Amino acid sequence: MLLSPTLAATYLGCSASAAWTLEARRGLREGSEPADDPQAALIVRKGHEHEAVCLAGLKEQYGDFVEIRSGSLMARFAATVDAMERGAPLIYQAALTEGSWLGYADFLIRVDDDCPRWAWSYEPWDAKLARNARPEHLLQIALYGDLLGTVQGRPADQGCLMLGTGEPEMPYKIERFSLQEVRYYVRRAARRLEAFAADLPTGLAPEPCGYCSKCNWAAACEARWEEADHLCRVADITKKQTQRLIDAGVSTASMLASLNDRRIAGIAPETLVRLAQQARLQKQSAATGLGALEIVPHQPGFGFDRLPLADAGDLFFDFEGDPMYPGGLEYLCGVLWQATIGEEGEPVPGHPNLRFRAFWAHDRVQEKQAFTELMAFLVARLAHSSGSHLYHYAPYEKTALRRLASMHATAETAVDELLRTNRMVDLYRVVREGIRVGEPGYSIKNLERFYMPARTTAVVSGGDSLVIYDRFCETGESSLLNDLRDYNRDDCLSTLLLRDWLIDCGKQAGRWPSTAKVSTE
C-alpha cells in the first residue's frame, strides 16, 4: 500500500476519489484512464517545459546534478540516498520513501545546515507552473520534507516552490516556506489518510468539488450524477444549497423542480424559487428536446432594461487569449459589424450584410500594435453614431481592454471613455437578469440553440482554441490561424444574434424598449 503527496491532496479534495484510487490499486475496482483531453495534455507539457527551465537555472547555480530516473522504487531510493551521502549539491527527481509513503521530489538542494547524519542536509524544491502557491503545493513539499527525515535523521526545516512568473527574462520565482509552520497540520492530514486507507469505507457518494477538473474519475462521476438525477445537474446551484436541500429531504433535481411554496432552512425564498424554476426548465428541455425559456420577473434597471436601442453602427467583439504565453497574450480580437453598401471588409459567410475584421498579435510588441489599431478602429466606428454600442458576452472583454491599456500605456483615455459613457453592453448580464433557460449552464454556447444553427467550424470551444493556437506557435501553419479566425468570427456573430434574440424576447414580454438609464459597469 503506497501513499503519496498526490494522493493526500486528492483525499483532502475528494475522499471518494481517493477511495476509488486505492480500490483500483488493490484490484477491487477497474482503473480509470485519464480522459483524452488535448487541453489537459497541453498544460502537462507546459508544466514539463517549466520544470526543464527550472532545472537549467538550478544547474547554472549549483553545477552538475544527479538525476534519478530509472529502476524500481527501491533502486531509485537507494540511488537518491547514495547521492545525498556523497553530498551532491543538486538531485533531480529524487525518490523518497518511508513505510507506506513514497514521493518523487523535483529537486533536492544541499544546504549547509547539518543533520544527525552529515555536516550538510537537503531541502525539497518543486517546480509549479502556477503563478501563486496553492495549499496542495505546500502540502507536497512538506511531506517531502518529512520523508527526508528518514534519510538524514531529521525533517527538512525549509522548502521552496519554483513558480511561473510569465516573464521571459525571469521565467520562475522562488518562494521559500518554513515547513515547521505547517508540519503539524500536514502530519495530521497524513495520519488521517493512513487511517482512511487502512479501513477503506465503501459506497462513498462523490460530490462535485474543486478537485473534479483534475480527477481521472470525473467521467464516472458525471455518469453517476446523471443517473441519480443529482442536484448538481441544476445550473448555478451551490454546494451549500445542495446540502441544505438534501437535509430537507429534497435529494434530486426532479424533487427540486416540483417544489411549491415550500421553505428550506438556510435558503432565501427567492433563491429557492429561482432554483426550482431552473430545475423545472431543465427537466422540460430534456423531456421535449426543445429549448425551454421563461422571462424573469421585471426589476427596474435590470435585465432587458440594460438593452439599448439597436443601431446600424453597433459593434460586436470577442477576444481570444493564450494564458500559456508568458504574462498572457491576447493573440486575436475580432470585431463584427453591419456593413454599408460598398464597404470593404471580410464578408461573413451566410450574412452578406455583415463584415468582420481580425486583429492579430503573436508577441508582446505585436499585441501593443494590434491593441492600438483595435482601439482606433472602435473609436472611429462608434464616433459615427452617438447611439451605437460595443457588445460582448461576460466580463472578459472589459477586463482585457483595461489590462491592455494599462500594460502598454496606450489608449487609456479611449478605454476609460468607453467604460465611463456606458458604450459597452455586456449581454451576459441581460441574460442572467432577464431570462431563465433550461440549459445546464449560461455560457453563450449554451444559449446558441435558441437563435443559431450548430457550429461547423474546426474549433468548437475555448479549450480547442488554446490547443490550436499552441500548435500554430509550434508549426507556423497558417491554416490554423484560419480555423481560429472562423471560431472567433462565429463568437462575434453569436453575440450579434444573441442581442437580436434578446430584443425579440423583450418585445414579446412587453419589457423592451426601455428608457431606463442604468450603468453597465
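**As for the sheet that holds strand E12 (residues 390–392)**
The sheet built from six strands is open, its strands ordered E10-E11-E9-E8-E12-E13 with mixed pairing. Of all strands in the sheet, those bounded by a partner on one side alone are strand E10 (346–348) and strand E13 (424–426). Across this sheet, the average inter-strand angle for adjacent strands is 30 degrees, counted without regard to direction. Each of strand E8 (315–322), strand E9 (329–338), E12 and E13 touches helix H12 (residues 396–408); the most contacted strand, E8, lies at about 70 degrees to it. On top of the sheet, helix H16 (residues 462–475) reaches E8 and E9; it is set at about 60 degrees to E8, its chief contact.

**Topic: the packing of aromatic side chains**
Scanning the model with the defined rule gives 16 aromatic pairs in all. Centre to centre, the rings of Trp20 and Trp217 are 5.7 Å apart; their planes meet at 80 degrees, and the pair counts as edge-to-face. Here Trp20, found in helix H2 (residues 15–25), pairs with Trp217, found in the loop between helix H6 (183–198) and helix H7 (218–228); they are 197 residues apart in sequence, far enough to count as distant. The same class applies to Trp20 as to Trp217, namely buried. A ring pair is formed by Tyr331 and Trp360, whose centres lie 6.4 Å apart and whose planes are at 20 degrees; its orientation type is stacked. Of this pair, Tyr331 sits in strand E9 while Trp360 is found in strand E11 (residues 351–360), placing the two residues 29 residues apart along the sequence. Over the aromatic face of Trp217 sits the side chain of Arg29, whose NZ or CZ is 5.9 Å from the ring centroid.

**A short note on the sheet that holds strand E1 (residues 66–67)**
Reading across from one edge, E1-E2-E3-E4-E5-E6 is the order of the six strands in this open sheet, with mixed pairing throughout. Looking at the sheet topology across the chains shown, the edges are occupied by E1 and strand E6 (172–178). With eight bridges joining them, strand E2 (residues 90–98) and strand E3 (residues 101–111) adopt antiparallel strand pairing. The residue of E3 that forms the bridge with Ala94 is Ala105. Packing against the sheet, helix H4 (residues 73–85) makes contact with E1, E2, E3 and strand E4 (121–128), and its axis sits at approximately 125 degrees to E2.

**A short note on the nonpolar core**
Ranked by internal contacts, the top residues of the largest apolar core, which has 51 residues, are Met84, Ile91, Trp101, Leu108, Tyr122, Leu193 and Phe196. Here the element with the most residues in this core is helix H5 (residues 135–152); it accounts for nine residues. Apart from the residues within four sequence positions on either side, Met84 is in contact with Ile91, Leu108, Trp118, Trp120, Tyr122, Leu148, Val151 and Gln152.

**A short note on the pattern of salt bridges**
In this structure the tally under the stated criterion is 37 salt bridges. A salt bridge links Asp146 to Arg183, with the shortest nitrogen-to-oxygen separation between them at 2.9 Å. Here Asp146, found in helix H5, pairs with Arg183, found in helix H6; they are 37 residues apart in sequence, far enough to count as distant. Each member of the pair, Asp146 as well as Arg183, carries the same accessibility label: buried. When salt bridges that share partners are traced, they join Arg45, Lys46, Glu49, Asp470 and Glu474 into one network.

**What to know about the confidence of the model for the protein**
The share of residues in the protein with pLDDT of 70 or more is 98%, and the mean pLDDT across the chain is 92. In the model, residues 515–521 has pLDDT below 50 throughout and makes 17 contacts with residues more than four positions away in sequence or in other chains.

**Re the packing of helix H11 (residues 364–383) against H12**
Where H11 contacts H12, the axes come no closer than 10 Å and their chain directions differ by 120 degrees. Taken together, the axis directions place H11 and H12 in an arrangement best described as oblique. The crossing of H11 and H12 is left-handed. Between H11 and H12, the contacting residues are Arg364, Glu367, Lys368, Phe371, Leu374 and Met375 on the first element and Leu401, Arg403, Leu404, Ala405, Met407 and His408 on the second. Taken together, the residues of the contact of H11 with H12 sort by class into seven nonpolar, one polar and four charged.

Rules used in this analysis
Residues numbered from 1 in each chain as written. Predicted model: local features only at pLDDT ≥ 70, side-chain atom pairs only at ≥ 80, totals over all residues. Heavy atoms only, no water. Pairing = 2+ DSSP bridges. Helix = DSSP H or I, 4+ residues; strand = E, 2+ residues; numbered from the N terminus. Axes fitted to C-alpha atoms, helices over the stretch in contact; angles between N-to-C directions. Contact = heavy atoms within 4.5 Å. Phe/Tyr/Trp six-rings, centres within 6.5 Å; stacked < 30°, edge-to-face > 60°. Buried < 20%, exposed > 50% of the residue type's maximum accessible area, 1.4 Å probe, protein only. Lys NZ or Arg CZ within 6 Å of the ring centre and 35° of its normal. Core = buried A, V, L, I, M, F, W, Y, C linked by side-chain atoms within 4.5 Å. Salt bridge = Lys/Arg side-chain N within 4 Å of Asp/Glu carboxyl O. pLDDT = per-residue confidence, 0-100. Parallel < 35°, antiparallel > 145°, perpendicular 65-115°, else oblique. Left-handed = near helix turned anticlockwise from the far one by under 90°. Nonpolar A, V, L, I, M, F, W, Y, C, P; charged D, E, K, R; others polar.

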